[in-house]
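# Geometric and topological summary
Residue strings, one per chain:
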Amino acid sequence: MINLDHVSFAYPEQGPSVNDVSFRVEDGEFVAILGANGAGKTTTVRLIDGLIRPTAGKVEINGTDTVTSSVSERARKVGFLFQNPDRQICKNTVREEILFGLQTVRGDEGEEALRARCEEVLKDFGFSGDEEPFSLSRGQRQRVALASILAVEPEILILDEPTTGLDYFECCHIMDRIRRMNEENRVTVIMVCHDMEVVLDYAKRALVMAGGHLLADGPVKEIFRDAALMEKASILAPQMISLSTRLGEGFEDADSPESVADAVLALRKGGARHA
Amino acid sequence: MHNLFQYVPGNSIIHRMNPITKIFLTIVICIAAFVSGNLLFLAGLLAVDLLIGFIAGIPEKTLTIFKGLLKIAIFLFVLQILLVRGGTPVFWIITDEGLLTAARVVLRLVIVCMPLALVLAVTRVTDLTNSLVQVLHVPYKYAFTLSTAIRFIPQFLEEMSGIMEAQTARGVAFDKAKGLKKFSMILPLCAPLLISSVRKTDLTAAAAEVRGFRLRTRQSGYKRYPFTILDLGAAAFCLLLLAAAILL
Amino acid sequence: MIEIQDLTFIYKDEKKPALQDIRLTIPEGGFLGVIGPAGAGKTTLARAVSGMIPHHYTGDYYGSVTVNGMDTVETSLEDISRLVGMVFQDVDSQIISPVVEDELLYGLENFGIPREEIPQRIDEALQKVGIADLRERAVGSLSGGQRQKVAIASIIALRPRILVLDEPTGELDPRSSRQVFSLLKELNEEQRITVIIIEQKIMLLCEFARQLAVLSEGKIVRQGDTRDVLAHAEELEALGVNCPRVTTLSRAVSVKTGEEQPVCLNLDEAEAMVRRLIS
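Residues numbered from 1 in each chain as written. Chains lettered and ligands numbered in written order. Predicted model: local features only at pLDDT ≥ 70, side-chain atom pairs only at ≥ 80, totals over all residues. Heavy atoms only, no water.

### Topic: the pattern of salt bridges
The criterion, for reference: Any Lys or Arg side-chain nitrogen located within 4 Å of an Asp or Glu carboxyl oxygen qualifies as a salt bridge. Every helix listed is a DSSP run of H or I at least four residues long, and every strand listed is a run of E at least two residues long, numbered separately from the N terminus. Relative accessibility under 20% of the residue-type maximum defines a buried residue, over 50% an exposed one, and the middle range a partly exposed one, all with a 1.4 Å probe and only protein chains included.
Counted under the stated rule, the structure contains 51 salt bridges over all chains. Note that Glu111(A) and Arg115(A) form a salt bridge whose closest N and O atoms lie 3.5 Å from each other. Of this pair, Glu111(A) and Arg115(A) both sit in helix H4 (residues 111–125), four residues apart, roughly one helical turn. Its relative accessible area of 39% is what places Glu111(A) among the partly exposed residues. Classification of Arg115(A) as partly exposed rests on a relative accessible area of 42%. Here Arg211(B) ties to Glu103(C) by a salt bridge, and the two come within 2.9 Å at their closest N and O atoms. Of the two residues, Arg211(B) sits in the loop between helix H9 (191–209) and helix H10 (229–247) while Glu103(C) sits in helix H5 (residues 100–110), which places them in two different chains. For Glu103(C), a relative accessible area of 0% corresponds to the buried category. Salt bridges here are not isolated pairs; linked through shared partners, they connect Arg124(B), Asp127(B), Lys223(B), Glu101(C), Asp102(C), Asp123(C), Arg135(C) and Glu136(C).

Quick look at the structure:
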């Protein structure tokens, strides 16, 4: 469980700040944080992991104030996938990279167990283990970064624009894997993401931010249907939601091309009956 | 830390001075600090340094730089008084000569480093290199190398702290380590940084080339750097400083 | 006009061609979107059009690229650059000046733009991109999105006839990305500047690009009017290029109603289609 209690943060110079933000995330949730550039999304997720400390209020993970322990100690519980995988990858092969992450936080389990875990993860992600990370594509490097974080089996996964710069396949690979972690292992996921179609497809709850404030908090679909809110937060809702909002009656529940097409069909049949 | 070397926009007389004058002033302060051993004069020079920062309208930054240097200075001071063996003992193993030498060394260090950092804060690097090319006829290639090097300092530091943050988040205990230990932890993680830096310099060269790098001549710069009454005043002040340094 | 004929390029020290048998014509005043999975050769194509290949990046080069009648191999990089402006994918490497205004000055100075014209060009470029307030700022103090806009402004100030942009909206949120595309549309329509844009955001390409080229493994697998290319949605998806939801919708409706529907490229078209069907 993650709990933010009236959290504020201001950078010493400029930069987006966070202003009196409170919310609570239960175990196993999949939450997206939405907003325009500079709304305070990244600052918020950095506050959650304690990479920066709130200037007011407090952040609790499983009931403990994050200031009482260090970020590196928290790494066993909280995994953080950054936008740029190159800042994380520091070893010459994928195997070493994953092993390094394991040794750092699960060193007490003994070399044997960690090696076994490493091979398991390699197999799961379809890596041979001998690949050189820097000769892989950006999307593949992001998968290496994700693999080495998931290897540790964190309870909470924080993602800061994990799919930026990736093509469609790479994006699906990453997001599908994250969804599996969320559904099968009940890993709590908090994600900052600019691609609203991805948010609609994967996240269940959305927090909307603007100018450092939390504007709204609710189920993804309800949030996207609130046109006034979208306008205020400078967000463009996913296409099918915008479309069904425009179409109105008969399309209230349609949020995918399939369901919109079904609604069209239903209305046509209904129309035929009237005629 | 990121913006220690960063330009701060402004319109003070220091900002408006010719970049060449600013470099000249910096050099004169350095020479003066080494010509004179008079502690009072050195203290005066230090005051000049601080005054320049205040006149330039960047008191906070000036003090940040000063405090940073002070830390190194204190360390050096202690080292000096323990090492210098000549002179009469004053207290324990500390001698009067040791105290004097130590004071001189640290004062000089601070006096010399301050204006170097301040010049970058009140002068755009582009103005610095353009004036070097236009006024002092430095070949543009060298000037370009200098300006890109300075341009990349903040980026390099940003990348470095990004890497440290990413590694801390995955459990590397940067947040608990201090000083040398921290440094030794960073080194092995620098491989990605070096790889990306090399890749970037080539791209930067390409970016300069497609915008006419090779067409640039000494006269290409849009801005001109004439010397004004302000620079004359600064030059007079420099001579005064030099004279005082030699006399005192 | 840009004409690429049977272009094959292999980077020095590499075995696999980055581009293979590329044949592509972009008319003057065209607006071409280039899309494809990672490693398809999109950036290499941009470099070939802007003359960086073969002038900066060397390797085995077959075929030809002509820009307004000039063969890029025989023309100097500088002469090509006067015509073709290139916005890099990695903005941090593109920006060479520490202060925003100086970044805009750089190209203007080098290409010898008359002094009296320079201030106006800078004002105009900053304003068009919407960053007039950042003029004096240190580049290091800007956010990724702001830097991206600086890079675009510095190229627009040069008033190129052809603009090549390599994923220029990567760091931007959806609204700012749309602003960049609107700006490109304006330049394209009002000044007939040819635009070639590499982009992963297919939704924006569908709305703004008149032509699309789909690259995969160094080859062009589809090219033509955007709507015609999108008609092959399934083929594109198999290559790893997704389609906008509105396009998927028109396909789903065609299948479900058994009546062939025209491909929808944007919300307005989709809305019109649905209203027509249910009225």
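The discussion continues.
### Quick word on the sheet that holds strand S6 (residues 78–81) of chain A
What links the strands of a sheet is backbone hydrogen bonding, and the strands pair in either a parallel or an antiparallel sense. Residue and element names in this part refer to chain A. Threshold: Only strands joined by at least two bridges in the DSSP assignment are considered to pair. Only the stretch in contact is used when a helix axis is fitted, and all axes are lines through C-alpha atoms; the angle between N-to-C directions ranges over 0 to 180 degrees.
Read from one edge of the open sheet, six strands run S6-S7-S8-S3-S9-S10, paired in mixed fashion. Here the strands that pair on one side only, and so sit at the sheet edges, are S6 and strand S10 (213–219). Neighbour-to-neighbour, the strand axes of this sheet turn through a mean angle of 15°, independent of strand direction. In the sheet, strand S3 (residues 30–34) pairs with strand S8 (residues 188–192) via four bridges, with the strands oriented parallel. Bridge assignment links Ala 32 to a residue of S8, and that residue is Met 191.

### Section: the interface of chain B and chain A
Selection criterion: Only heavy atoms enter the contact rule, under which two residues are in contact if any of them lie within 4.5 Å. What counts as buried area is the accessible surface, traced by a 1.4 Å probe, that two parts surrender upon association, with contributions from both included. Counted as a polar contact is a pair of N or O atoms within 3.5 Å, where, for protein atoms, one must be capable of donating a hydrogen and the other of accepting one, and residues adjacent in sequence contribute only when both atoms are in side chains. We call Asp, Glu, Lys and Arg charged. Ala, Val, Leu, Ile, Met, Phe, Trp, Tyr, Cys and Pro are nonpolar, and the rest, Gly among them, are polar.
On the chain A side, the residues contacting the 21 residues of chain B number 25 residues. Roughly 1,900 Å² of surface becomes buried between chain B and chain A when both sides are summed, with 54% attributable to carbon and sulfur atoms. If you look at where chain B meets chain A, you find three salt bridges. A salt bridge links Arg170(B) to Glu97(A), with the shortest nitrogen-to-oxygen separation between them at 2.8 Å. Joining chain B to chain A, the criterion identifies seven residue pairs in polar contact (both at pLDDT 80 or more). Counting residues per element, the ones that place at least two in the side of chain B that touches chain A are helix H7 (140–169) and H9 of chain B. At nine residues, the largest contribution of residues to the side of chain B that touches chain A is made by H7(B). Split into classes, the residues belonging to the side of chain B that touches chain A amount to nine nonpolar, five polar and seven charged.

### Regarding the sheet that holds strand S2 (residues 18–25) of chain A
Residues and elements named next belong to chain A. Ordered by their spatial adjacency, four strands build an open sheet running S2-S1-S4-S5, and the pairing between neighbours is antiparallel. With partners counted over all chains shown, the strands left at the sheet margins are S2 and strand S5 (64–65), one partner each. Pairing between strand S1 (residues 2–9) and S2: five bridges, direction antiparallel. The residue of S2 that forms the bridge with Phe 9 is Val 18. Across the face of the sheet, helix H1 (residues 41–49) comes into contact with S1, S2 and strand S4 (56–61) while running at roughly 120° to S1.

### What to know about unusual backbone geometry
Residue and element names in this part refer to chain C. In this structure, Pro 54 follows Ile 53 across a cis peptide bond, with omega equal to 10°. Residue position: Pro 54 is located in helix H2 (residues 52–55). Positive phi, close to 70°, is recorded for Asp 13, a residue that is not glycine. With respect to the helices and strands, Asp 13 occurs in the loop between strand S1 (2–11) and strand S2 (19–26). Unusually for a residue other than glycine, Arg 159 sits at a positive phi of about 45°. Turning to its location among the elements, Arg 159 is positioned in the loop between helix H7 (144–156) and strand S7 (162–166).

### Comments concerning the interface of chain B and chain C
At the junction of the two partners, chain B supplies 35 residues and chain C supplies 39 residues. Broken down residue by residue, the surface that chain B buries against chain C is led by Arg151(B), Arg211(B) and Tyr222(B), which jointly contribute 26%. Summed over the shared surface of chain B and chain C, the number is eight salt bridges. Put simply, the parts of the chain that give the side of chain B that touches chain C at least two residues each are helix H6 (125–134), H7 and H9 of chain B. Among the elements that make up the side of chain B that touches chain C, the one with the highest residue count is H9(B) (nine residues). Of the residues assigned to the side of chain B that touches chain C, the class counts are 15 nonpolar, nine polar and eleven charged.

### A closer look at the environment of Arg135(C)
Residues and elements named next belong to chain C. Residue placement: Arg 135 occurs in the loop between helix H6 (118–129) and H7. Looking at Arg 135, the relative accessible area reads 22%, which means it is partly exposed. It is 45 Å that separates the C-alpha atoms of Arg 135 and Ser 250, two residues lying 115 residues apart in sequence. Setting aside residues no more than four positions away along its own chain, Arg 135 makes contact with Val 99, Val 100, Glu 101, Ile 122, Asp 123 and Leu 126. Separated by 2.5 Å, the side chains of Arg 135 and Asp 123 make a polar contact.

### So, the packing of aromatic side chains
How we decide: A pair of aromatic rings is counted whenever rings of Phe, Tyr or Trp (Trp by its six-membered ring) have centres within 6.5 Å, and the orientation is called stacked for planes under 30 degrees apart, edge-to-face for over 60 and tilted otherwise. Lysine NZ or arginine CZ positioned within 6 Å of the ring centre and within 35 degrees of the ring normal marks a charge as sitting over the ring.
Tallied over the full model, the rule gives ten aromatic pairs over all chains. Judged by centre distance (6.4 Å) and plane angle (5°), the rings of Phe125(A) and Phe127(A) are stacked. Using a relative accessible area of 5% as the deciding quantity, one classes Phe125(A) as buried. Both rings, one in Tyr11(C) and one in Tyr57(C), keep their centres 6.1 Å apart while their planes meet at 90°; by these two values the pair is edge-to-face. Residue Tyr11(C) is located in strand S1, and its partner Tyr57(C) is located in the loop between H2 and strand S4 (59–67); the two are separated by 46 residues in the primary sequence. The two residues Tyr11(C) and Tyr57(C) agree in class, both being buried. Three or more aromatic residues link up through ring pairs in this structure, and these residues are Phe9(C), Tyr11(C), Tyr57(C) and Tyr61(C). Across the ring face of Phe100(A), the terminal group of Lys91(A) is positioned such that the distance to the ring centre comes to 4.7 Å. Here the basic side chain of Arg47(C) rests over the ring of Tyr57(C), its NZ or CZ set 4.1 Å away from the ring centre.

### So, the environment of Leu34(A)
Residue and element names in this part refer to chain A. By the secondary structure assignment, Leu 34 is in strand S3. Residue Leu 34 is classed as buried on the basis of its relative accessible area, which comes to 0%. Taking the C-alpha atoms as reference, Leu 34 lies 6.6 Å from Cys 193; in sequence the two are 159 residues apart. Excluding residues within four positions of it along the chain, Leu 34 makes contact with Lys 41, Cys 193, Met 196, Val 199, Ala 206, Leu 207, Val 208, Met 209, Phe 224 and Ile 235.

### Examining the environment of Ala209(C)
Summarising the element assignment, Ala209(C) is placed in the loop between helix H9 (202–208) and strand S9 (211–216). If near-sequence neighbours (up to four positions away) are discounted, Ala209(C) is found in contact with Phe31(C), Leu32(C), Gly33(C), Leu204(C) and Thr226(C).

### Some thoughts on helix H13 (residues 267–278) of chain C
An α-helix turns once every 3.6 residues. As a result, residues three or four positions apart point the same way. All names here are of chain C. So the rule is basically this: A helix is expected to reach a length of 1.5 Å times the quantity of its residues less one. This arc describes the spread of directions from the helix axis toward the C-beta atoms.
Taking 1.5 Å per residue as the helical rise, H13 with its twelve residues ought to reach 16 Å, and the 17 Å between its terminal C-alpha atoms agrees with that figure. Listed in full, the buried residues belonging to H13 are Leu 267, Ala 270, Glu 271, Met 273, Val 274 and Leu 277. Considered in projection along H13, the buried side chains sweep an arc of 160° and stay on one side of the axis.

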